[in-house]
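Listed here are the chains, written in short residue letters.
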Amino acid sequence: MFEVFGIPSTALFGQLLIGLINGSFYALLSLGLAVIFGMLNIINFTHGAQYMLGAVTAYLLLNYAGLGYWPALVIAPIVVGLLGILIERVFLRWIYRLDHLYGLLLTFGLALIIEGIGRNYLGTAGLPYTLPDSLRGGRNLGFMFLPNYRAWVIAASLLVCFGTWFIIERTRLGAYLRAATENPALVRAFGINVPRMITLTYGFGVALAAFAGVMAAPIYNVSPNMGSELIIVVFAVVVIGGMGSILGAIVSGFGLGVIEGLTKVFYPEASNTVIFVVMAIVLLVRPAGLFGRRT
Amino acid sequence: MRKILGSAALAVALACGGAHAQQIHVKVGVLTDMASLYADDTGIGSVIAAKLAAEDFMKTHPNVKVEVVSADHQNKADIGTNIANQWFDVDHVDMIADVPNSGVALAIAQVTAQKNKVFVASGPATSDLTGPKCTPNTVHWTYDTWMLANGTGKAIVKNGGDTWFFLTSDYAFGHALERDTAAVVTANGGKVLGAVRHPINTSDFSSFLLQAQASKAKIIGLANAGGDTINAIKQGAEFGIVAGGQKFAGLLVFAPDVAALGLKTAQGLMFTETWYWDLNDGSRDWTKRWAKERNAQGKVPSMNMAGVYAGTLHYLKAVAALGSAADGKAVVAEMKKIPTDDPLFGKGTVRIDGRVLHPAYLFEVKKPEESKYPGDFYHVRATIPADEAFRPLKDGHCPLASG
């Protein structure tokens, strides 16, 4: 065992792994944001509330329908995604041509309403949701105890991130999507239903948030505030990665999780702030973010 | 002529004064956390508690008119101070109740003393409110960090938990709680191996838990509260803290937190509180009334809310005895003179430094199969009498006590 700056190496490896796990949540959430911003040009401030809805739906499914974690992992994103589609059809489609600010204010207002309703009916102390039995326990890696659930979080997150990146950057469907954001009129001329495609994209982005919410339910406190606590950090992650860049969201999500994890060892008091310090530095050096395109 | 006018004015003044003494108007402001991590332990539940106290008091004292207002300090000392100033200067609020979050409460205690009003603290934990920072305008109900440390810390060290590692919330409250508990641990022959300070309202505790695990301490002391405690215990179960032979000591746990964790996760946890809704008939009856007003499924009142009720009631008694709420110092002096008596905390006293003395209880969370009805959470493991539960007067270094 050797030491790095007075910290035992075993502790350091443990923190790096923990950082990666937290990074999985950042990556999942910023991925949804990046997809929505990249395709719809909407800064989706409802994302945190939709993440919370995913977790709360999992809780409701367990307590009122008797459906456990695994069914919830499929059902909750679909339910919340449909809700997202409703929001897109009723509100968002009217403001695509307006300045970003309108979308931001509208979605921020929606988030406040959703969270307010949640607080009114559920309180803020939180709702109990326990680990699925199949993922209980863990293994000792020598340098740390890795709970099985956390291992599953990393695996699932990597899989979903890669899948999304692949669909958008490497498939025909993704090519249509990207073309539709560049020049909707031309794509429509080829006989593709652009508005429907945009609606479904928003639904997918929202479903990603809900998926992250279900993943978070067994380990984080399920409460109406859980999204607003996370969303600011996730926005910083997206800005660092470059607004609308899929790869940027994924890489900076995992990367910042690790940086935050290291801060928790060396100077825990600053662990809430470090991401914003990184954001300030990145914006000074590369105003469009690490992977962003200059416009 | 001038003489006649003068005596007429005097007569009018006297008449008004007389009328005023008969009909007393009191305005109580509940300043609390309405939407963040302490909202379920205080928040709207505390407002309801104050309203119940006002209702009960007006029934027996028809000449006193009590109005209850409330506001959200958002856990920010500057916002809390602004509201307090506005309340005292413009809205004629006579007393501020509750104020969870020690940082905000210390600021409110100063404002209240400057304006000579009354602060009945039930939400905050820091024992400094009746220690170096005590004022003649503050009364501290329900609990404080010394009492939590002494109740829980002592019991655990005596049961063999003699090495400690702290997870501490990084602000006035966490620091005070860690300081007071560490003192109790060392005084009883235990050892503090280390501590890590996390920002308030942290969602992920895994890296702090790893550090606690690496310390090999037998006891991980949670010097935090509300959502932070819930997250730490929930994730601790996942990281095999308890399975690995370490134990959590929840230094400040409220009944709503236990509800949020679920008995499956919280079982076996030991901590100190001064009130539990299922403690006796007086508490159970009061809880029924509270639940009817709260009107939300599965919610139980916390000890803070009980403290707001009892504190408001006692404050109103003092105001009625004096016939006026105008002089805050005089009202608090009266509160210290008359013994406290209410259906929730029973009989007690208010000490010269503003500390209210009532018994405290060491609770243990029941196993899921032991819980017979919703809200049936605790076994009572020990009762700590009022004169032992709180810090001795001489140790507090309150300027009021040293004369």
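Along every chain, residues carry numbers that run from 1 in the direction the sequence is written. To read the labels, note that chains go from A and ligands from 1, taken in the order they are written. Predicted model: local features are reported for residues with pLDDT of at least 70 only, side-chain atom pairs are reported and counted for 80 or more only, and whole-chain, interface and lining totals are derived from all residues. Side-chain metrics in this entry use all non-hydrogen atoms of the structure; hydrogen atoms and water are not considered.

## So, the confidence of the model for chain B
Residue and element names in this part refer to chain B.
Item 1. Known as pLDDT, the predictor's confidence for each residue is given on a scale from 0 to 100. Looking at chain B as a whole, the pLDDT averages 90, with 94% of positions reaching at least 70.
Item 2. Whether two residues are in contact is decided by their heavy atoms: any pair within 4.5 Å suffices. Contacts of residues 14-21 to residues separated by more than four positions or lying in other chains number 1 contact, the stretch itself having pLDDT below 50.
Item 3. Scored as a complex, the prediction yields pTM 0.81 and ipTM 0.77.

## Comments concerning the domain arrangement of chain B
Residues and elements named next belong to chain B.
Item 1. Domain extents, as shown, originate in an automatic or database domain assignment. Entries for chain B in the domain assignment read domain 1 (25-143 + 279-359) and domain 2 (146-278 + 360-384).
Item 2. Computed from C-alpha coordinates alone, the two centres of domain 1 and domain 2 are separated by 26 Å.
Item 3. Across the boundary between the two partners, domain 1 contributes 31 residues, which contact 33 residues of domain 2.
Item 4. Note on definitions: buried area is the accessible-area loss of two parts on being combined, 1.4 Å probe, summed for both. Of the roughly 2,500 Å² buried where domain 1 meets domain 2, counting both sides, 65% is carbon and sulfur surface.
Item 5. Taken as a group, Leu279, Met303 and Pro359 account for 27% of the area that domain 1 buries against domain 2, more than any other trio of residues on that side.
Item 6. Definition used for salt bridges: Asp or Glu carboxyl oxygen within 4 Å of a side-chain nitrogen of Lys or Arg. Here domain 1 and domain 2 share 2 salt bridges between them.
Item 7. We note a salt bridge from Arg179 to Asp128, for which the minimum N-O separation is 3.3 Å.
Item 8. Pairs of N or O atoms are called polar contacts if they sit within 3.5 Å, as long as, within protein, a hydrogen donor faces a hydrogen acceptor (for residues adjacent in sequence, only side-chain-to-side-chain pairs). In this structure, the connection of domain 1 to domain 2 is made through 10 residue pairs in polar contact (both at pLDDT 80 or more).
Item 9. Each helix corresponds to a stretch of at least 4 residues labelled H or I by DSSP, and each strand to a stretch of at least 2 residues labelled E; elements are numbered beginning at the N terminus. Going through the elements one at a time, α4 (102-114), α11 (281-294) and α12 (303-322) are the ones with two or more residues in the side of domain 1 that touches domain 2.
Item 10. It is α11 that contributes the most residues to the side of domain 1 that touches domain 2, 4 residues altogether.

## Quick look at the interface of chain A and chain B
Item 1. Chain A puts 37 residues into the contact, and the matching count from chain B is 35 residues.
Item 2. Summed over both sides, the interface between chain A and chain B buries roughly 2,800 Å², with carbon and sulfur atoms accounting for 50% of that surface.
Item 3. For the pair chain A and chain B, the number of links is 2 salt bridges.
Item 4. Among the ionic pairs, Asp204 of chain B bridges to Arg150 of chain A, the shortest N-O distance being 3.2 Å.
Item 5. It is helix α1 (residues 9-40) of chain A that provides the largest number of residues to the side of chain A that touches chain B, a total of 4 residues.
Item 6. Residues are sorted three ways: Asp, Glu, Lys and Arg are charged, Ala, Val, Leu, Ile, Met, Phe, Trp, Tyr, Cys and Pro are nonpolar, and all the rest, Gly among them, are polar. Each residue belonging to the side of chain A that touches chain B can be placed in one class, and the counts come to 20 nonpolar, 11 polar and 6 charged.

## Quick word on unusual backbone geometry
Residue and element names in this part refer to chain B.
Item 1. With a phi angle near 55°, Gln74 is a residue other than glycine that sits in the positive phi range.
Item 2. Here Gln74 shows up in the loop between β2 (64-72) and α3 (77-89).
Item 3. The exposure class of Gln74 is partly exposed, given its relative accessible area of 41%.
Item 4. Phi is positive for Asn75, close to 60°, though the residue is something other than glycine.
Item 5. Secondary-structure assignment places Asn75 in the loop between β2 and α3. Throughout this description, buried means an accessible area under 20% of the type-specific maximum (1.4 Å probe, protein chains only), exposed means over 50%, and partly exposed covers the range between.

## Things to note about the packing of α1 of chain A against helix α9 (residues 226-241) of chain A
A pair of packed helices is characterised by two quantities: the angle between their axes and the separation of those axes.
All names here are of chain A.
Item 1. Taken N-terminus to C-terminus, the directions of α1 and α9 make an angle of 70°; their axes are 9 Å apart at the nearest point. The orientation of α1 with respect to α9, classified from their angle, is roughly perpendicular. You can see that α1 and α9 cross each other, and the crossing is right-handed. Here Tyr26, Leu29, Ser30 and Leu33 of α1 come into contact with α9, specifically with Leu230, Val233, Val234, Phe235, Val237 and Val238.
Item 2. For the contact of α1 with α9, the per-class residue count stands at 9 nonpolar, 1 polar and no charged. Fitted lines through C-alpha atoms give the axes, limited to the stretch in contact for helices. The angle between two N-to-C directions lies from 0 to 180 degrees. Angles below 35 degrees are treated as roughly parallel, those above 145 as roughly antiparallel, those between 65 and 115 as roughly perpendicular, and all remaining angles as oblique. In this scheme, a crossing is called left-handed if the near helix is turned counterclockwise away from the far one by less than a right angle; it is called right-handed if the turn is clockwise.

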